[in-house]
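Each chain, letter by letter, is given below.
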Amino acid sequence: MAAVTLENVRKTYTGNVEAVRGVSLTIPNGSFTVLLGPSGCGKSTLLRMIAGLETITAGTCAIGDRIVNDIEPAERDIAMVFQNYALYPHMSVYDNMAYGLRNRRTPKDEIERRVAEAAKLLGIEEFLARKPRALSGGQRQRVAMGRAIVRDPQVFLFDEPLSNLDAKLRVSMRLEIRRLHNRLKATSIFVTHDQVEAMTLADQVVVMNGGQIEQVGAPTDVYRRPASKFVATFIGSPPMNLLPGKIVAPGQIEAGGGALAYDADAFDARVGAGVDIGIRAEDIVVGASGGMPFVHEFVEELGATRVIHGTVAGHPLEFVTPAAAELAAGNSLRVSAASPAAVHVFDPATGRSLRR
Amino acid sequence: MEKRAIFGGWLVPYLLLVPQMVVVLFFFYWPAVQTVWQSFLLEDAFGLRTDFVWFDNYKDLASREYLQTIGRTVVFSTCVTVLSLSIALLLAIQADKSIKGAGVYKTLLIWPYAVAPAVAGVLWLFMFQPSLGVVARAMRNLGIPWNPMLNGNHALLLVILASVWKQISYNFLFFLAGLQAIPRAVHEAAAIDGASRTRRFWTVTFPLLAPTGFFLLTVNIVYAFFDTFGIIDAMTGGGPSKATETLVYSVFFQGRLGGNLGASAAQSVALMVIIVALTAVQFRFIERKVTY
Ligand SMILES: Nc1ncnc2c1ncn2[C@@H]1O[C@H](COP(=O)(O)OP(=O)(O)O)[C@@H](O)[C@H]1O
Ligand SMILES: [Mg+2]
C-alpha cells in the first residue's frame, strides 16, 4: 500500500484539448478517495494518468516515494476496474483472475490459493469455470474486482465501475465496495459523477470541474462547508439554493426582499458588498417574521419528506419539510434560514466561498 | 429473444419458400446432378455417340498426372492461404494502431479487391513478363534468373503472388473489423495485468481474432481452389507444361479445351468432394476451439 501524490499535473490531448489543468493532490496511504465531478471534467483522464494509460503532459505523479511518470502500467503495481468491466471474453472467470498473476510468474499453488480466496470474498466461487458472457452484469463486476484483488496491488483504481448496473444493484455493490475497503485497507481511487456514491464511499472527496480541483475534503466537509458555488450546487439533493444579496451590516444580509442573519466571524465580507448567499433546502424554515416572501409553485412528495418549489424575488427556491407539516395556503408565506450558521456567503464574481 | 412472424396454416410458409427453392434447384442442384450424370458418360471423338461407362472416368483420377495436379493444388492453396492471411493480419494490426492517415491507408489497401481476377493476372504478367516487364527487367539487372514462361517453378510462384495480392484486401477488411471490435479497455486491462506487447497479442488479441480467422480460412481455401482460375488463365493458361494447372483449371482444360466432358465432370465431382471434406473437417475440429 502506498500514498499517491500528484503535483501540478496537466494533460493536453492532441487537438489542444486541455483535460486536466494543473492538479495537485495527495491521496493518503490506505484512504478511499473519490474523484467527483460532472461528465467531461477530466476525472477519467486523471485516473488514467495515475494508471499509466495516458502520458502526463506536465507535472509529476508519485506512487509511494517513486515518481512513476515514465513507468509502464504493469510496473506501477496498481490494479484497475473499468466501467465496462473489460474482462477477457475468451477466458474463464478463473483465468481472468489468474492472468495477471501468471504474467508475473506467480507459482501455481499460490495463484490457486489467491483466486480461491478472492472468489470466496466476492461470492463468485460457483462461477469460476464460466466464461464472462454467461454472467450477469453484477457478477461480471465482481469478477473485475476479483481480478484486481488477487493482485494485491499498492493502489486500486476504479473508473465509474457501478454506472452500468441497475439502480438497486448499484446501491448494494456500493456498500460491498466500502465493506471490502474496510477489510483490505488498500489505497483506493474511485471516479464517479454520482454525488451519492461519492458521499457514501469516500474518506476524501475531490470535487473537480473543468480540469481543476474545486475542493478536497471529507464528505461532511464538502457538504457543510462548500468552497465554491459549484460545489454547493453539485453536492446535495436538492442542490443548495443560491440568491443574490447585499451585506447591510456585519452579520446582516438583505436578500430576496427580506433580511437574514449570517455568521460574520466565519465569512470575510465587506459591508455594502454584493454577495451570493446559499442556503440548503433542509436549512430553510417557514413563518419567521422578516423573512423572504415566498411564492409557492408546487410540491414534490418524497414519502417521508416533501420538497416545496417556488420563488423569492423571482429566484427559484426549494425547501424540505416533514411530510406531516401543514403549509399555510396562499402567497403570504415567509421563509428564512434556520440559523445564521446555515447561510453561506460567496463572492459573486469568482464563485468562491468567502469563508475565512 | 427471437422475432418470429406467426403464419396460420401450412400453405403460406411453403409458398414463401418456393422462389428460393426454385433458384437453388435450377442453379445449384440441377447442374450438380447433371455433372454427376455426365461423369458416368463417355463421348466418342466426333461427338456422335455417348456411352454409359459407369466409373471408367473416375479410374483416370488415380493417374499419376492427376495426383500431381492434386499435390500442386495443395501447395498452391496452402501458400496462397497462409501468405494472404498472414500479410493481411500484419497490415490490419498496423492500420489498427495508427490513428493519423488510417483512412487513406485503408482505402488504398481495399483497391485490389475491386480489380477483376483476369485483369489482376494481366497486370502482374505485365510486371513480370521476362522481356517487357518492369520487375522482370529489374531482376535481370540484379542477376536473378527469371523466366516464368519457361520455368515452371517461376510460373507457380508468380500465380501464387498474384493470387495472394488479390485476396489480401478482403482478409484485411475482416481482420481490421475484428481488431476494432476488441474494446480498448481489454488491451489496457492486459497491460495493467503485466502482459508484454507480444504476450498481449498471443493471449488476448489472437484468441479474440480467432473466429474471424477461422471464417477467413474457409473463405480463403475456397478462393484458392476455385476463384484463382481467372488469374491462372490470364497469366499462364496452366503452363508451362501444366506447372500451374490446379484442380479447377484441369476441369476447365479437360472439358473445354480437351473436349473430354466425362473426365472433366469426374474431376469436378472429385473437387467438390475434396472441398466438402475440407470444410467439414474445419468446422468439426477447428471451430470448436476458436469460439468463445
Ligand atoms: N483520447 C482523447 N483525446 C482527446 N480528448 C479527450 C480524450 N479523452 C478525453 N478527452 C477529452 O478530455 C476531457 C475530459 O475527459 P474525461 O477525463 O474522460 O472526463 P470524465 O471522465 O470526467 O467524464 C473531455 O473534454 C474529453 O472530451
Ligand atoms: Mg469518465
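Definitions and cut-offs
Residues numbered from 1 in each chain as written. Chains lettered and ligands numbered in written order. Predicted model: local features only at pLDDT ≥ 70, side-chain atom pairs only at ≥ 80, totals over all residues. Heavy atoms only, no water. Helix = DSSP H or I, 4+ residues; strand = E, 2+ residues; numbered from the N terminus. Buried < 20%, exposed > 50% of the residue type's maximum accessible area, 1.4 Å probe, protein only. Contact = heavy atoms within 4.5 Å. Lys, Arg positive; Asp, Glu negative; His and termini not counted. Charge placed at Lys NZ, Arg CZ, Asp CG, Glu CD. Near = heavy atom within 4 Å. Polar contact = N/O pair within 3.5 Å; in protein donor to acceptor, adjacent residues only side chain to side chain. Nonpolar A, V, L, I, M, F, W, Y, C, P; charged D, E, K, R; others polar. Buried area = accessible area lost by both parts, 1.4 Å probe. Salt bridge = Lys/Arg side-chain N within 4 Å of Asp/Glu carboxyl O. Axes fitted to C-alpha atoms, helices over the stretch in contact; angles between N-to-C directions. Parallel < 35°, antiparallel > 145°, perpendicular 65-115°, else oblique. Left-handed = near helix turned anticlockwise from the far one by under 90°.

(A) View of the overall build of chain B. The helix and strand tally for chain B stands at twelve helices and two strands. Reading the secondary structure of chain B in the N-to-C direction produces α-β-β-α-α-α-α-α-α-α-α-α-α-α. Its C-alpha atoms give chain B principal-axis dimensions of roughly 75 × 75 × 30 Å. Counting all 292 residues of chain B, 40% fall into the buried class. Residue pairs at least 24 apart in sequence account for 65% of intrachain contacts in chain B once pairs closer than 6 positions are excluded. Each charge sign in chain B was given a centre, from 21 positive and 14 negative side chains, and these centres are 13 Å apart.

(B) Region of interest: the site of ligand 1. All names here are of chain A. In the neighbourhood of ligand 1, the contacting residues comprise Tyr-13, Val-17, Ala-19, Pro-38, Ser-39, Gly-40, Cys-41, Gly-42, Lys-43, Ser-44 and Thr-45. Measuring from an oxygen atom of ligand 1, one finds a side-chain N or O atom of Lys-43 at 3.0 Å. Within the side chain of Ser-44, one N or O atom sits 2.6 Å away from an oxygen atom of ligand 1. Every element with two or more residues in the shell around ligand 1 is listed here: strand S2 (17-27) and helix H1 (43-51). A breakdown of the residues in the shell around ligand 1 according to their chemical character gives five nonpolar, five polar and one charged.

(C) Quick look at the interface of chain A and chain B. Between chain A and chain B, the residue contacts involve 25 residues of the former and 18 residues of the latter. Of the roughly 1700 Å² buried at the junction of chain A and chain B (both faces included), carbon and sulfur atoms supply 60%. Summed over the shared surface of chain A and chain B, the number is two salt bridges. Here B:Glu188 and A:Arg48 are joined by a salt bridge, their closest N and O atoms 2.7 Å apart. Where chain A meets chain B, there are twelve residue pairs in polar contact (both at pLDDT 80 or more). Broken down by secondary-structure element, the contributors of at least two residues to the side of chain A that touches chain B are H1, strand S6 (78-81) and helix H2 (93-103) of chain A.

(D) Region of the structure containing the packing of H2(A) against helix H4 (residues 137-149) of chain A. All names here are of chain A. Look at H2 against H4: their axes get within 8 Å of each other, and the N-to-C directions meet at 30 degrees. Here H2 is positioned roughly parallel relative to H4, judged by the angle of their axes. H2 and H4 meet at a crossing whose hand is right-handed. Across the interface between the two elements, Val-93, Asn-96 and Met-97 from H2 touch Val-143, Gly-146 and Arg-147 from H4. Residue classes in the contact of H2 with H4 are distributed as three nonpolar, two polar and one charged.

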